[in-house]
Amino acid sequence: MRLKVFIAVLFVAGVLIGVNACHSSSEKSVASEDIPDTISYNFNIRPILSDKCFKCHGPDANKRQANLRLDIPESAYAALKDDPKTHALVPGDLGASELYRRVTSTDSEEMMPTPKSGLKRLTPYEVALVKKWIRQGAKYEKHWAFVPPKSPAIPAVEDKAWPKNTIDYFVLHKQEQKGFTPNPEADKERLLKRLSFDLNGLPPDIATMDKFLADKRPDAYERMVDELMARPQYGEKMALHWLDIARFADSHGYQDDNYRTQWPWRDWVIHAYNENLPYKDFITWQLAGDLIPNHTEEQLLATGFNRNHKITEEGGVIDEEYRVSYVTDRTNTFGKALLGISLECAHCHDHKFDPFSQKEYYQVFSFFNSVKEAGLQSTVGGPETYAKRPMMQISNADVKNILKFVNKQDTGRLIVSVMGDSEVYRKTYILKRGNYDTHGDEVFPGTPKAILPFNPNYPKNRLGLAEWLFDDKNPLTARAYVNQIWEEFFGRGIVKTLGDFGMQGDLPSNPELLDWLAVDFKTHGWNIKRLVKEIVMSATYRQSAVVAPDKYKNDPDNVLLARGPRKRLPAEFIRDMVLASSGLLNKTIGGPSVNPYQPPGLWESTTSGRGQLASYRQVHGPNLYRRGMYTLIKRTSPPVEMAIFDASNRDQCEVMRLRTNTPLQALEMMNDPTMLESARVLSAKLLQEKNQPKDKIYEAFRRIICRKPSGQEMTILNSYYADQLKSMNEKNAEKLLNVGEYPIPAGMDKITLAAMMKVIDTIYNLEEAITKT
Amino acid sequence: MEKEFLEHRLGINRRKFLSSLSLGIGSVALGSLLIPDLFSGLGGDNAADFIPGLPNFAPKAKRIIYLFQDGAPSQLESFDYKPKLREMMGQELPASVRGNQILTGMTANQKSYPLAGSFYDFKQYGKNGAWVSDLFPHIGSIADDICIIKTIYTEAINHDPALTFFQTGAQQGNRPSMGSWVSYGLGSENKNLPAFTVLLSKGKGNGQGVYSKLWSNGFLDSIHQGVLFSSSENPVLYLNDPDGLDRQERRKMLDKLAELNDISAKEFHDPEITTKVQQYEMAYRMQTAVPDIMDVSKEPDDIVKLYGPDCLVPGTYAANCLLARKLSENGVRFVQLYHQGWDQHTNLPKEMAGQAMDVDQASAALVTDLKQRGLLDETLVIWGGEFGRTNYSQGKLLKDNYGRDHHPRCFSIWMAGGGITPGIVYGETDDFGYNIVRNPVHVHDFHATILNQLGIDHTKLTFKSLGRRYRLTDVAGNVVRDIIS
């Protein structure tokens, strides 16, 4: 494990060095510690300084030691304040550069970083890089992410037959530099499974599989892409990631954790993706729909985005403390989700690594600070507390006319928290150390200069902030979003740290590709469906996911994309796969969230006893079989079925989920009633068809794994079925079948039913079943 | 009825205990079931694998059991004896004592702040003469084994942020829990159980609930998440196979599964496939190992007597204390208990008596039990809530009834074992039990001290996330050297 990680780290470093190194050393060993010919500040030096020096010699004025900052050349080249004859860096002169002397010193009084700082010393490789950089003139560069992307030239490639679209040139170019060749295209069945989960979050049904396999036209693949993108499930699939970003949930999140009705906002997100609302509008409406002149009800509903955060209902709280925490949440979400940077650090002090001052943090904060809201509006109670002010009411007439996409299921009052500023602008102050009650200087709406100064012609409100975000000169907005979408399809962002493009974040593995995608996205009207189609049409995406051992050894994380993505499905889609393949899935879109099966006692053992969600009330009938994204999320006790598979707890904005592989997941797959019931239901369904057992097993395999089984696989499963028929007795069969509420058809032989159920359950537990292959 | 039930159980227990002795079932036998790497992450062969160089120095404690008293028990009816409050019963809290303390919304608008003395008397216990109220005689009786800290203080005055602060070192949430940090730092000691487990119980007093974010892994790998154990039929989520499926059949199914998975492993060479197969095997072994550990029916009479009859009633605090010992002695690094119901804004005398009844005997029993097994030296036991309670009455003060609001400035916790000096009382509060006079211990100091006992320098246990190195102790914390032996 250690070793693997170590090699991976070296490898990433190697790739990054390659970016600017220009040496065409193919077949270079991954662990190569070759020093590039030209040292790049951004790619080689800054990561070292940021990690090991900026803590005390960086942007944070309060923590700065010896008045020296190394993040800007003027200070690094200048004479040291304490010792005017000495300079931290003298371009080209190693001997005169105090920095070099200190990082190589073995004297504990002199060495840097100091032993006290808790920071690790530079490795010999890092020292060598610094040495060469100083010799080459110690040139600084502006942080890559803060330079607006320009569409790079499309690189030349040797294998001209492989690329299917522009993406492929960038990818192949990198591979060829490293001596890699891409994998062949995946077979049609696996490609369809990948596509179906990536575009609909569901497995393809047998009819779709047959149709695609039979379609021999040259554009069969593209036709399938178009078909899947036109289905309403496309919106559901795309929405899931946005729900994590927007920390969407069905409860208020603190203590008593009562129910809230924010779900019409979720229905809007699905709708917006299906309508292919341009990203610019998608975001502008969410940020400032209420401020758009003559805004529509839909635009107002979109602003629910900034009211999805947790809201307290705890009686004793200090109002202002919580009101400030909501504004903070919006500010942080804005940074992480829309800009791909963590502003958070500047909440309490000047950012230690990125060039954002605390003042700038509160300038952004001020955009979100005039909402007509209270820290504590009401304590836990009935339906009138399900949305906090400002709010909108959605009437039945609205749903019939303008908000048709809201799945309102009764005539009851439906309220949603939305944005709305008070008439009076609320003054904003720097909050010292982030404390709500320690005001510093007053600040006014503005944005971090290092990213892009706020244009004085923009309105000084959230609408102006949206304009700033989509200003052609904004370096981050497009990059951040295309990178998130890339991660959705490939399981790894071009910048691995989706929420941090700052100095401490990872560098892009393919900066030219990232910039090309960003510029392409911008210049084509922020068209999301177009971006998605571009990605799935690429040869890069269509590669087989086979991990050739040498490729794994040299590129374990698939940074070079010389193979297709092979990733475990997100929690919600595992549930969807199981329900869809068994035929149980209820395809209703939107509406109030539901409570399917859950192990007993989880809510009851954690609740204060107050509120609508104190005890778990499971639904019955078709609502038991809704898609995973509609399972009710009570923040203090989120659905375990999802949590075990790394779903977000929706506590705060989450741009990327972890993907773990644990024994608890195995237990859930084996024993969760949803899995067992689905196996039982599919078993009954197949047994009612007039064909041989092997045909039934064959069909079950196709439905679940989304491909035809091999002869070897069929032999194993057939023999298991025969064995089960023999070893199963009536009593055990009856017990096994007694799971879930879906009725068992009358007159079925219990032993046969249970034996087939176990075969199907085994197929559900295959690694491939829950993996995008 | 209850007595009968207990005697019946004791009878069963005695027989079972004797038969188990001959079979040698216990932690030793369990050790042979242990499979490397369960819960220790996706690879690696020992705990130190997680962070090179850890522990930073020789640890005193190997494991922690944290008996969290959720809702904040009053220090003034437990360990901080303030006769002056009785003398001044009903008199106004002097403004000079209150200073600039912000009050919660529940009493901020109260017209008067009448001082309320403890309804319960105090006695001195142990060689050191530690004062303990009559509500906690069992804890009093182990005064020589514990260190009472009367001067812990926090920054939060509401439950959610205060609990979150205690458990994660930050009020906001989404940071790793203490247990997750310890799991991340030291890994699992015994590889067939998670390094961090959580047990919940509820008293009858006013409760405030717990939140799963308290045992969340935050930005750490979810392998470090607290795993909720319960003394119910299904001790770990989805642990039990369905009825009608015996072990042999499960084995058969897993063999087929492995055979089939192996086909795709050969085709794809994706190491995740092999890992998946291993995780199923570990799950299978857990299905045997966990119920064994959770089974308290084999505990002998004297143990049942020690913890009290409730220890045989699943889901009670006493049962959880007993389970905590079993989990801990089987190598679980961090056992986190929460007992809910300590939020006595009103009806304090009655409610607190009920809460104390739930926890007094079992808490003391746990310490005694660990000590008699020779495990107390290497196990750190912590008892306490998220803040203290006001010295004035919330609402009307009657002779036999009053309530207390939240108070962050000082409150009492105790620790035992794990290299903490036994038999001492640390810190001094003023006569009003409102302010700290000597030796304050901030929550960050508390965390720093706990990590220190595990051999970890709290400034070195870091994780980089979103561009920042995080610590349990944020940017503060000093080890309280005075209480370390």
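Residues numbered from 1 in each chain as written. Chains lettered and ligands numbered in written order. Predicted model: local features only at pLDDT ≥ 70, side-chain atom pairs only at ≥ 80, totals over all residues.

1. Focus: the overall build of chain A
Put simply, the test is: Helix and strand definitions here come from DSSP, where helices need a minimum of 4 consecutive H or I residues and strands a minimum of 2 consecutive E residues; each element is numbered from the N-terminal end. Working definition of burial: number of other C-beta atoms within 10 Å of the residue's own, with buried at 20 or more, exposed at 12 or fewer, and partly exposed in between, all C-beta atoms being placed from the backbone. By the convention adopted here, residues make contact when the C-beta atoms placed from their backbones lie within 7 Å.
When helices and strands are counted, chain A shows 31 helices and six strands. Each of the three principal axes of chain A carries a C-alpha extent, and together these read 95 × 65 × 50 Å. With 773 residues in all, chain A has 55% of them scored as buried. Counting only contacts in chain A whose residues sit at least 6 apart along the sequence, the fraction spanning at least 24 positions is 68%.

2. A word on the overall build of chain B
In terms of regular secondary structure, chain B is built from 13 helices and 17 strands. By sequence separation, contacts in chain B at least 24 residues apart represent 77% of the contacts at least 6 residues apart.

3. With respect to the environment of A:Ile704
All names here are of chain A. Along the chain, Ile-704 falls in helix H28 (residues 693-705). Separated by 122 residues in sequence, Ile-704 and Ser-582 place their C-alpha atoms 8.1 Å apart. Ile-704 has contacts with Ser-581, Ile-763, Tyr-764 and Ala-769, leaving out every residue within four places of it along the chain.

4. Some points on the environment of B:Asp301
Topologically, B:Asp301 is positioned in helix H10 (residues 301-307). With 35 residues separating them along the chain, B:Asp301 and B:Lys266 place their C-alpha atoms 55 Å apart.

5. Points about the packing of helix H29 (residues 711-727) of chain A against helix H31 (residues 750-764) of chain A
Residues and elements named next belong to chain A. How we decide: What counts as an axis is a line fitted to C-alpha atoms, over the stretch in contact for a helix, and the angles between N-to-C directions run from 0 to 180 degrees. The crossing is said to be left-handed when, going from far helix to near helix, the turn is anticlockwise and less than a right angle, and right-handed when the turn is clockwise. Residues are sorted three ways: Asp, Glu, Lys and Arg are charged, Ala, Val, Leu, Ile, Met, Phe, Trp, Tyr, Cys and Pro are nonpolar, and all the rest, Gly among them, are polar.
For the pair H29 and H31, the least separation of the axes is 9 Å and the interaxial angle reads 145°. Viewed along their axes, H29 and H31 form a crossing whose handedness is right-handed. Facing Leu-717, Tyr-720, Tyr-721, Gln-724 and Leu-725 of H29, the residues of H31 in contact are Ile-751, Thr-752, Ala-755, Met-756, Lys-758, Val-759 and Thr-762. In terms of residue class, the contact of H29 with H31 is built from eight nonpolar, three polar and one charged.

6. Structural notes on the domain arrangement of chain A
This is how the line gets drawn: What fixes the domain bounds is an automatic or database domain assignment.
As far as domains go, chain A holds domain 1 (39-141), domain 2 (188-230), domain 3 (245-274 + 293-454) and domain 4 (671-772). Its C-alpha centre places domain 2 of chain A at a distance of 39 Å from the equivalent point of domain 3 of chain A.

7. Topic: the interface of chain B and chain A
Accessible area lost on assembly of the parts is the figure often given for the size of an interface. Taken residue by residue, the interface counts 65 residues in chain B and 69 residues in chain A. In terms of residue count, the dominant contributor to the side of chain B that touches chain A is helix H8 (residues 247-268) of chain B (ten residues). Each residue belonging to the side of chain B that touches chain A can be placed in one class, and the counts come to 24 nonpolar, 27 polar and 14 charged.

8. Details of the nonpolar core
One recurring pattern in soluble globular proteins is that nonpolar side chains are buried together. Put simply, the test is: The term nonpolar core means buried Ala, Val, Leu, Ile, Met, Phe, Trp, Tyr and Cys residues held together as one set by C-beta atoms within 7 Å.
Ranked by size, the top nonpolar core spans 321 residues in total, and within it A:Ile763, B:Cys311, B:Cys321, B:Val381, B:Trp414 and B:Met415 carry the most contacts. Non-local contacts of B:Cys311, meaning those with residues more than four positions away in its chain, are made with B:Val296, B:Val304, B:Ala318, B:Ala319, B:Cys321, B:Leu322 and B:Ala362. Core analysis: the second largest hydrophobic core is formed by 21 residues, A:Ile39, A:Cys53, A:Ala88 and A:Val130 among them.

9. Details of the confidence of the model for chain A
Rules: Each residue carries a pLDDT value, the predictor's own confidence for that position, ranging from 0 to 100.
When pLDDT is averaged along chain A, the result is 92; 96% of the residues meet or exceed 70. Every residue in residues 1-32 of chain A scores below 50 in pLDDT, and together they form 45 contacts with partners more than four places removed in sequence or on other chains.

10. Some words on the packing of helix H27 (residues 673-687) of chain A against H28(A)
All names here are of chain A. Selection criterion: Angle categories are assigned with fixed cut-offs, so that under 35 degrees is roughly parallel, over 145 is roughly antiparallel, 65 to 115 is roughly perpendicular, and the rest are oblique.
Where H27 contacts H28, the axes come no closer than 10 Å and their chain directions differ by 135°. Relative to H28, H27 is oriented oblique. Between H27 and H28 lies a crossing of right-handed hand. Side by side, H27 and H28 meet where Leu-682, Leu-686 and Leu-687 of the first sit next to Lys-696, Glu-699 and Ala-700 of the second. Looking at the contact of H27 with H28 residue by residue, the classes come out as four nonpolar, no polar and two charged.

11. Focus on the pairing of strand S3 (residues 130-133) of chain B
Residues and elements named next belong to chain B. What counts is decided by this rule: Think of it this way: DSSP has to see at least two bridges between two strands before they count as a pair.
Burial of the side chains of S3 extends over both faces: Ala-130 and Val-132 are buried on one face and Trp-131 and Ser-133 on the other. Sheet topology places strand S2 (residues 122-125) next to S3; four bridges connect them, and they run antiparallel. When the sheet's bridge partners are listed, Tyr-125 is paired in S3 with Ala-130. The turn linking S2 back onto S3 is made up of four residues, and Gly-126 within it adopts a positive phi angle of 75°.

12. A few points about unusual backbone geometry
All names here are of chain A. For the bond from Met-112 to Pro-113, the omega torsion is -10°, close enough to zero to count as cis. Structurally, the position occupied by Pro-113 is in the loop between helix H5 (98-104) and helix H6 (124-135). At the junction of Arg-389 and Pro-390, the peptide bond is cis and its omega measures out at -5° in the coordinates. Relative to the assigned elements, Pro-390 resides in the loop between helix H16 (358-367) and strand S1 (391-393). Residues other than glycine seldom take positive phi values, yet Arg-433 does so here, at roughly 50°.

13. As for helix H24 (residues 571-582) of chain A
For an α-helix the count is 3.6 residues per turn, leaving residues at separations of three or four pointing the same way. Residue and element names in this part refer to chain A. Rules: To estimate the expected span of a helix, subtract one from its residue number and multiply by 1.5 Å.
Helix length check: H24 (twelve residues) gives 17 Å between terminal C-alpha atoms against 16 Å at 1.5 Å per residue, within 8%. Burial within H24 is extensive, with twelve of its twelve residues counted as buried. Among all positions of H24, only Ala-571, Glu-572, Phe-573, Ile-574, Arg-575, Asp-576, Met-577, Val-578, Leu-579, Ala-580, Ser-581 and Ser-582 are buried. Each element contacted by the buried residues of H24 is listed here: helix H8 (188-200), helix H11 (233-245), helix H25 (640-643), H27, H28 and H31. Phi turns positive one or two residues past the end of H24, at Gly-583, with a value near 85°.

14. Here we look at the confidence of the model for chain B
Residue and element names in this part refer to chain B. In this model, chain B carries a mean pLDDT of 86, and residues with pLDDT of at least 70 account for 88%. Note that pLDDT drops below 50 for residues 1-50; the model gives that stretch 77 contacts with residues more than four away or on any other chain. Both scores are available for the predicted complex, with the pTM at 0.83 and the ipTM at 0.89.

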